[in-house]
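An overview of the molecular structure
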Amino acid sequence: MTTRLTKAVIPAAGLGTRFLPATKAMPKEMLPVVDKPAIQYVVEEAVQNGLTDVLMITGRNKNALENHFDSVPELESALELKGDQTKLLTVTQPADLADMHYVRQGAPRGLGHAVLRAQMHVGDNPFAVLLGDDLIDERDNVLGPMIAAHKKHDASVIALMEIPKDLTDHYGIATVESVGEGDLVRILDLVEKPAPEDAPSNLAIIGRYVLKPDIFEVLDQTLPGKGNEIQLTDALRHMATNNIAGGVYGYIFRGRRYDTGDKLDYIKAIVRLALQREDLGPLLEQWLDVESHRRK
Ligand code: G1P
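As a starting point, this report considers the structure included with it. The shown structure was predicted, so the numbers you read here are calculated from the model rather than taken from an experiment.

Regarding the overall build of the chain
For the chain, the helix and strand inventory stands at 11 helices and 13 strands. Radius of gyration (C-alpha) of the chain: 20 Å, near the 19 Å computed for a compact globule of 296 residues. For the chain, the spread of C-alpha atoms along the three principal axes comes to 60 × 50 × 35 Å. Relative to its 296 residues, the chain shows a buried fraction of 48%. Contacts in the chain between residues at least 24 apart in sequence constitute 75% of all its contacts with a sequence separation of at least 6. Of the side-chain charges in the chain, 33 are positive and 43 negative, and the distance between the mean point of each set is 3 Å.

Shown next, in the form of structure tokens:
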């Protein structure tokens, strides 16, 4: 029997060096995507999928994260006095979303190490891991089918997406076999960030995982891998190839994903999400049109 899945772990201890100097004194997770910090989209996605207990793995410089998901009495009463209910809601909403917890990673020893820091909080329960650089369009759902597959097979499930072959060195890449259940596959092997010529496929791990707690014991034994960091991909590979706790399944996501981890992709994410907004979309589209003609 599977235990209820209510816990989400969000690693947020990265240094954000790709966005310096913006991230000198502010965590990269707080960078706005249109008008919400990137991390809020991720917490909202967790909550929409029933994961109301959120543990963030943070580091130094991350106080803004805790403040964002807390109340701000002086700002709230100022907005109340003004009678500005709309703005008041945007301020109170993040604090009301989930039951937030924080633990610091300490030494930055990789994603696998960050996830291992969740062991005390998660205990003997299955849990989800959501990486903040990957935003999933709220009209598409990746965690829902992953949670269903986890319940059905009592195994860990990771999200995969087809990517252009020349980008394999940005991702964990999977070797899979069909299980005859639509977009669900069985993971046979995984490799972290292979060069395109060494990549076994173009199926990349995107930052959503539903994991059985057995991963902790494996992570604890996982030696540093790519980049001399403890890789979550390596621990999952061990679970898959040794069929630990039911092995690992992959769910091939075919919806809209926005990458905010890279400068160009971050700008694209903002433009795409702004184009979908009633208040900004039409005017932005007009402007983009004029701008692209002007530059020809
Ligand atoms: C991490 C994982 C990688 C995965 C990627 C998804 O890499 O190690 O396997 O494909 O997230 O975004 P990072 O982007 O943190 O270097």
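What to know about the packing of aromatic side chains
The full count for this structure, using the stated rule, is 2 aromatic pairs. On the basis of an interplanar angle of 80° and a centroid distance of 5.3 Å, the ring pair of Phe-19 and Tyr-266 is categorised as edge-to-face. You can see Phe-19 sitting in the loop between strand E1 (7–11) and strand E2 (32–33) and its partner Tyr-266 sitting in helix H10 (residues 263–275), a full 247 residues away along the chain. Across the pair, Tyr-266 and Phe-19 agree in class, each one buried.

Remarks on the pattern of salt bridges
Charged atoms that come close allow side chains of opposite charge to pair. Using the criterion set out here, one finds 18 salt bridges in the structure. Arg-277 serves as the salt-bridge partner of Asp-35, at 2.9 Å between the closest nitrogen and oxygen. Separated by 242 residues along the polypeptide, Asp-35 in the loop between E2 and strand E3 (36–37) and Arg-277 in the loop between H10 and helix H11 (281–294) bring together distant segments of the chain. Given a relative accessible area of 26%, Arg-277 falls into the partly exposed group. Residue Arg-208 pairs with Glu-45 through a salt bridge whose shortest N-O separation is 2.7 Å. Note that Arg-208 is positioned in strand E11 (residues 203–211) and Glu-45 in helix H1 (residues 38–48), a separation of 163 residues in sequence. For Arg-208, a relative accessible area of 1% gives the class buried. Within the structure, one salt-bridge network assembled from shared partners comprises Asp-35, Arg-277 and Asp-279.

Structural notes on the nonpolar core
Grouped together as the largest cluster of nonpolar side chains are 45 residues, with contacts concentrated most on Val-43 and Met-56. Among the elements that take part in this core, H1 stands out by supplying 6 residues, more than any other. The contacts of Val-43, once residues within four sequence positions are left out, are Ile-10, Val-54, Met-56, Phe-69, Leu-97, Ala-98 and Met-100. Val-115, Ala-118, Leu-160 and Ile-215 belong to the second largest nonpolar core, which has 33 residues in total.

What to know about the environment of Pro-27
Structurally, Pro-27 is set in the loop between E1 and E2. A relative accessible area of 3% places Pro-27 in the buried class. Residues contacting Pro-27, with those up to four places away along its chain left out, are Asn-61, Lys-62, Ala-64 and Leu-65.

Calculation criteria
- Residues numbered from 1 in each chain as written.
- Predicted model: local features only at pLDDT ≥ 70, side-chain atom pairs only at ≥ 80, totals over all residues.
- Heavy atoms only, no water.
- Helix = DSSP H or I, 4+ residues; strand = E, 2+ residues; numbered from the N terminus.
- Rg over C-alpha atoms; globule rule 2.2 N^0.38 Å.
- Buried < 20%, exposed > 50% of the residue type's maximum accessible area, 1.4 Å probe, protein only.
- Contact = heavy atoms within 4.5 Å.
- Lys, Arg positive; Asp, Glu negative; His and termini not counted.
- Charge placed at Lys NZ, Arg CZ, Asp CG, Glu CD.
- Phe/Tyr/Trp six-rings, centres within 6.5 Å; stacked < 30°, edge-to-face > 60°.
- Salt bridge = Lys/Arg side-chain N within 4 Å of Asp/Glu carboxyl O.
- Core = buried A, V, L, I, M, F, W, Y, C linked by side-chain atoms within 4.5 Å.

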